[in-house]
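Breakdown of the fold
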Amino acid sequence: MNKKMIATLVLSSLVASAFAVNAGAAPDKQVLKDENGQVHTVVGQLGKVSGATAEERALNALDKAKGEFGFDKAAGTFKVKKSHKDENGTTHTKLDQVINGIPVFAQQMIVHETEGTVEGITSGYQALTANTDKARLNDKKAIQAALASTNTASDAAFTQAPAAELLYFPQGDQAILSYKVSFAADGETPVRYDVFVNAVDGTILNTINKVEHTAAVGTGVGVDGVTKTGLNTNLKSGTYYLEDVSKPMTGMIRTRDLRNSTFGFFIYNMTDADNHWDASTQRAGVDAHYYAGMVYDWYKNNVNRNSINDAGMSLESRVRYGSKYNNAFWDGSQMTYGDGDGVNFRAFSGALDVVAHELTHGVTEYTSGLVYQNQSGALNESWSDALGATIDSNDWLMGEDICLPGGTYTAFRSMQDPTLYGDPAHMNDYINTTDDNGGVHSNSGIPNKAFYNFATAIGSRNNAAKVWYTASRDYMTSSTNFSGARAATLQAASALYGSGSSTYTALQNAWSAVGVY
Amino acid sequence: MKKPLLLTLAATLAVTLLGSTAHAATGTGTGVLGDTKSINTTLKSGTYYLEDQTKYMYTQKGSSINTYNYRNGISAQYFWTDADNVWNTTTQRAAVDAHYYTGLVYDYLYNKLGRNSYDGNGAPMNVGVHYSTNYNNIFWNGSQLICGDGDGVTFRPLCGALDIVAHEWFHAVIDYTAGFVYNGQSGALSESWADAFGATLDNNDWLIGEDVYTPATAGDAVRSMSNPNAYGDPDHMDEYVTTTADNGGVHTNSGIPNKAFYNFATSIGSRDIAMKIWYIALRDYMTSTATFHDARLATLAACAQLYGSSSTYYTRLAEAWTAVGVL
């Protein structure tokens, strides 16, 4: 971090005089490097070069700086791509880097000279070692590989027919002999691809689609009958899908429909013709989708975590699981929500805190990995409740939004007063049981109350949740118990706010108040 | 492969049967937003076509601006015709704007930047509108512009926005100049340079796409160059987003050079001068793999070339980049 900083500072001091071509006497030759030490520009007095053509002058100019760039001889290393004289009489000659006479993808030099007086060289050059000079694939095979890898039919409506160009593709300090296969095709999802196919083994080195994704924004009616705007969907072939491709993830947020089956093999995409998701069968999907997006955003914006695995994995939700199923769960790879029995509960995805709770089980699995039994299991539950109450922050109840009026329940749990729902709020009331994996949903009341104490004392659920998250990520193991959680959250608070901070003291008091030392 | 053949056949027929009787004409058209504008058309055998033969590229090499109709399909394109040269039907609106705005793009490139069409050598500028159904996108496919109608909720027909049309055409210019690799920082520069061109032509605000985005919501847009954060995009290197989505966040990290362009243009009080520097940097001082830092150097080099390195512009430009953390 620091190293990079120094490098950029050095750069900025040089930039002021860079390219000062119109400012009287040109400065001496200056070599500008990036933070990796790669020379990208040489400016200043490079001297005069001779040559009848722009190409000759450019190659001669490059030879003057070959030491800086690290090549032996410009001729054979570069080939002119194009050249033109600008309004001030300066000639800009662009050259492709070549190896064995074959161009290197996107590696160029630009020589700037006026009547042979060299004013600078802009470089995209880097020294590369070729893996081979013999292609083992022909261009036809390369095109087949490129089309297959992009799911493009060989008889697609091409607006630019597939063509393969043999070149070297830079990969680290290697130059891999490859075909660049370029094509554009009309279709329900139009594409314009550059696919780089290894010319020796046919593997795909890189794929660039220059037509962007078509993210859409719709509206949907949620489980509680209220319309939500800003529902991120995906338009494909004139139909909208519950797929949110707007996040900076490698995957997407996708919500699908089990149609009251418990058998995951039969799962259906949720689609809509006009992007107004207002059918009653869509409500559970709308909320699961919308709330998953909110949870994603909370983690991304507050603790810079990119999805459950912090590597942008897809967030998959399944709704309408089984018949009148009164639960929601994370199964290690996706969230699943039942419809509720319609008497006590609505569809379980209708509560933001429930969705945040389930997703956080995923985060816990990828961070501390708390074993789902006894105290570590209760912490696993509690951490999920804490994030639920942070993202759904208008009360300290869990699941209140899906409890139907007239039913038996008003909520599942209270973090403010766990005893309201029969859960302990102090170590004195700790329940020793073998039920429910050792009471993971009851003893969670103790750390829940600690979170409540802490967040209300510092006046910020967000800051409290940052401490909780950091503790799980950095200071807790799979077998951490309550006392270990106290120590871990204190370490996290110390890392974030300092051990002399009032936040730190408030946290100590919060745990002490529930009898955890 | 069907489509080019169809067009070629039709064009050949047109030239054979009607060629010598074609006349440049000036019609009036109603745009996507219901506004009326004057458009350049061609009269052939008593019928008007959306073909603009008035540009320099036509006298140079017979190149026109041609607007076609996909008729909500995804393959065949058809000519637009009109009997009285008053283009006022509902289905013509997207075509009127695509045609008119492409003309403005040509004029800006030619008159302000000295560039004859996107390739610098008078290539015809073709646009196809009504692509597919409810299609929320517009793009340069390597040979022409293709414009969707939008779904009516997220977008109106996208060619109804000058900044968007200009943005897409500038991708074609980029292809023929620096040829940025559409990935990572060079990809974000591609997006940013296209936004800068859009905001230079459509210069009444710093928003991109406001004229066609979410018709039901006033005042919002796809991106903002003055305040990229307003749409979740970074405006400083401290906020640079590392991702593999969207070709490495090319539509996100473009916020950083976008803000630099905004800083510069507002500090010197001229989008035109800022654009001229941006264009020369693109044409003469950047390679396909340019980074943000290279873009700083390249624009400074272009600025020195045009105005001298001791000019106020040069200082302002350095400040504009420094303010977004590109050093």
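Every value quoted in this text rests on a predicted model; they were computed, and no experiment measured them.

For chain A, the count of helices and strands is twelve helices and 24 strands. For chain A, the C-alpha radius of gyration of 31 Å lies well beyond 24 Å, the compact-globule estimate for 517 residues. Once the C-alpha set of chain A is aligned to its principal axes, its extents read approximately 95 × 60 × 40 Å. Counting across all 517 residues of chain A, residues that qualify as buried make up 53%. Looking at chain A alone, contacts between residues at least 24 apart form 54% of all its contacts between residues at least 6 apart. The distance from the centre of the 40 positive side-chain charges to the centre of the 53 negative ones in chain A is 7 Å.

Let us now look at the overall build of chain B. Summing up its helical and strand segments, chain B has ten helices and 13 strands in all. For chain B, whose C-alpha radius of gyration is 20 Å, the value lies close to the compact-globule estimate of 20 Å for 327 residues. If one aligns the C-alpha atoms of chain B with their principal axes, the spans along those axes are about 60 × 40 × 35 Å. For chain B, the residues scored as buried account for 62% of the 327 residues in total. Partitioning the intrachain contacts of chain B with sequence separation of at least 6 by distance along the chain shows that 60% fall at a separation of at least 24. When the accessible surface of chain B is summed, it comes to about 11,000 Å², and 52% of that surface belongs to carbon and sulfur atoms. If the 18 positive side-chain charges of chain B are averaged to one point and the 29 negative ones to another, these points end up 6 Å apart.

Residues and elements named next belong to chain B. The strand order across the open sheet built from five strands is E7-E3-E2-E1-E8, with neighbouring strands paired in mixed fashion. The open sheet is flanked by strand E7 (81-82) and strand E8 (86-87), the only strands paired with a single partner. Examined bridge by bridge, strand E3 (residues 47-49) and E7 share two bridges and lie antiparallel to one another. In the strand pairing of E7, Tyr48 is matched with Asp82. Along the sheet, helix H3 (residues 93-113) makes contact with strand E1 (23-30), strand E2 (36-44) and E8, crossing E2 at roughly 90°.

Residue and element names in this part refer to chain A. Note on placement: Ser384 falls in helix H7 (residues 374-391). Overall, the relative accessible area of 0% leaves Ser384 in the buried class. Apart from residues no more than four positions distant in its own chain, Ser384 is found in contact with His357, Thr360 and His361.

This paragraph deals with the nonpolar core. Core analysis: the largest hydrophobic core is formed by 88 residues, its most contacted members being Trp169(B), Trp193(B), Phe197(B), Trp278(B) and Met286(B). No other element matches H3(B), which puts ten residues into this core. Each of domain 1 (1-160) and domain 2 (179-327) of chain B contributes no fewer than three residues to this core. Setting aside residues no more than four positions away along its own chain, Met286(B) makes contact with Lys94(A), Ile110(A), Ala178(B), Phe180(B), Leu189(B), Trp193(B), Ala281(B), Ala295(B) and Ala298(B). Core analysis: the next-biggest nonpolar cluster, separate from the first, contains 75 residues, Ala328(A), Met335(A), Trp383(A) and Ala389(A) among them.

What follows covers the UniProt feature "domain: Peptidase M4" (unreviewed entry) in chain B. When the UniProt feature table is mapped to this numbering, "domain: Peptidase M4" (unreviewed entry) covers residues 26-174 of chain B. For residues 26-174 of chain B, the end-to-end C-alpha separation is 31 Å, with 27% helix and 30% strand making up the annotated structure.

Take the packing of aromatic side chains next. All told, the structure shown has 50 aromatic pairs over all chains when counted by the stated rule. Residues Phe71(A) and Phe78(A) carry aromatic rings whose centres are separated by 5.1 Å and whose planes lie at 75° to one another, so their mutual orientation is edge-to-face. Each member of the pair, Phe71(A) as well as Phe78(A), carries the same accessibility label: buried. Between Trp193(B) and Trp278(B) the ring centres are 5.0 Å apart and the planes differ by 20°, which places this aromatic pair in the stacked class. One end of the pair, Trp193(B), is in helix H5 (residues 184-201); the other, Trp278(B), is in helix H8 (residues 271-284), with 85 residues separating them in the sequence. According to the relative accessible area criterion, Trp278(B) is buried, its value standing at 0%. Site record: aromatic cluster; members linked through ring pairs are Trp383(A), Trp396(A), Phe451(A), Tyr452(A), Phe454(A), Trp468(A) and Trp511(A). Looking at Arg71(B), its charged tip hangs above the ring of Tyr78(B), at a distance of 3.8 Å from the centre.

Here the focus is the UniProt feature "domain: Peptidase M4 C-terminal" (unreviewed entry) in chain B. Per the UniProt annotation, the sites labelled "domain: Peptidase M4 C-terminal" (unreviewed entry) are residues 178-326 of chain B. With 52% helix and 3% strand, residues 178-326 of chain B has its two end C-alpha atoms placed 20 Å apart.

Take the confidence of the model for chain A next. All names here are of chain A. For chain A, per-residue confidence averages 87 on the pLDDT scale, and 92% of positions sit at 70 or higher. Model confidence for chain A, summarised as mean pLDDT per element, is weakest for helix H1 (residues 2-15) at 33 and strongest for helix H9 (residues 445-458) at 97. Contacts from residues 1-26, a stretch scored under 50 in pLDDT, to residues over four places away or in other chains number 41 contacts.

A word on H9(A). Residues and elements named next belong to chain A. Look at H9: 20 Å from first C-alpha to last across 14 residues, which is about the 20 Å you get at 1.5 Å a residue. The buried fraction of H9 amounts to ten of the 14 residues, a majority that puts the element mostly inside the structure. Burial in H9 covers these residues: Gly445, Ile446, Pro447, Asn448, Ala450, Phe451, Tyr452, Asn453, Phe454 and Ala455. In this structure, the buried side of H9 is in contact with H7, helix H10 (461-475), helix H11 (482-497) and helix H12 (502-513).

Across the contact, 56 residues belong to chain B and 59 residues belong to chain A. Together, the buried faces of chain B and chain A total about 4,600 Å²; carbon and sulfur atoms form 52% of this surface. Of all residues in chain B, Thr287(B), Leu297(B) and Gln305(B) give up the largest surface area on contact with chain A, accounting jointly for 12% of the area buried on that side. Our count for the chain B to chain A interface comes out at two salt bridges. Of the charged contacts in the structure, one is a salt bridge between Arg283(B) and Glu87(A), with a shortest N-O distance of 3.1 Å. Connecting chain B to chain A are 13 residue pairs in polar contact (both at pLDDT 80 or more). Of all the secondary-structure elements, those providing two or more residues to the side of chain B that touches chain A are strand E10 (138-140), helix H4 (162-176), H8 and helix H9 (292-307) of chain B. Top element by residues in the side of chain B that touches chain A is H9(B). It accounts for nine residues. Of the residues in the side of chain B that touches chain A, the class split is 26 nonpolar, 23 polar and seven charged.

The phi dihedral of Lys324(A) falls on the positive side, at around 55°, and the residue is not glycine. Phi is positive for His130(B), which is not a glycine, with a value near 55°. Inspection of the secondary structure puts His130(B) in strand E9 (residues 125-131). Relative accessible area serves as the criterion here: at 10%, His130(B) is assigned to the buried category.

Our next topic: the pattern of salt bridges. Evaluated as defined, the whole model comprises 26 salt bridges over all chains. One salt bridge connects Asp97(B) with Lys37(B), and the closest N-O pair in it is separated by 2.6 Å. Placement of the pair is Asp97(B) in helix H3 and Lys37(B) in strand E2, with a sequence separation of 60 residues. Taken individually, Asp97(B) and Lys37(B) each receive the classification buried, so the pair is uniform in this respect. For the salt bridge of Lys55(B) with Asp52(B), the shortest nitrogen-to-oxygen distance reads 3.8 Å. Asp52(B) matches Lys55(B) in its accessibility class, with the two residues each being buried. Within this structure, Glu87(A), Arg283(B) and Asp284(B) form a network of salt bridges that share partners.

About the cut-offs
- Residues numbered from 1 in each chain as written.
- Chains lettered and ligands numbered in written order.
- Predicted model: local features only at pLDDT ≥ 70, side-chain atom pairs only at ≥ 80, totals over all residues.
- Heavy atoms only, no water.
- Helix = DSSP H or I, 4+ residues; strand = E, 2+ residues; numbered from the N terminus.
- Rg over C-alpha atoms; globule rule 2.2 N^0.38 Å.
- Buried < 20%, exposed > 50% of the residue type's maximum accessible area, 1.4 Å probe, protein only.
- Contact = heavy atoms within 4.5 Å.
- Lys, Arg positive; Asp, Glu negative; His and termini not counted.
- Charge placed at Lys NZ, Arg CZ, Asp CG, Glu CD.
- Areas by Shrake-Rupley, 256 points an atom, 1.4 Å probe, with all protein chains shown as cover.
- Pairing = 2+ DSSP bridges.
- Axes fitted to C-alpha atoms, helices over the stretch in contact; angles between N-to-C directions.
- Core = buried A, V, L, I, M, F, W, Y, C linked by side-chain atoms within 4.5 Å.
- Domains from an automatic or database assignment.
- UniProt positions renumbered as here; feature names shortened; annotations may be inferred.
- Phe/Tyr/Trp six-rings, centres within 6.5 Å; stacked < 30°, edge-to-face > 60°.
- Lys NZ or Arg CZ within 6 Å of the ring centre and 35° of its normal.
- pLDDT = per-residue confidence, 0-100.
- Expected span 1.5 Å × (residues − 1).
- Buried area = accessible area lost by both parts, 1.4 Å probe.
- Salt bridge = Lys/Arg side-chain N within 4 Å of Asp/Glu carboxyl O.
- Polar contact = N/O pair within 3.5 Å; in protein donor to acceptor, adjacent residues only side chain to side chain.
- Nonpolar A, V, L, I, M, F, W, Y, C, P; charged D, E, K, R; others polar.

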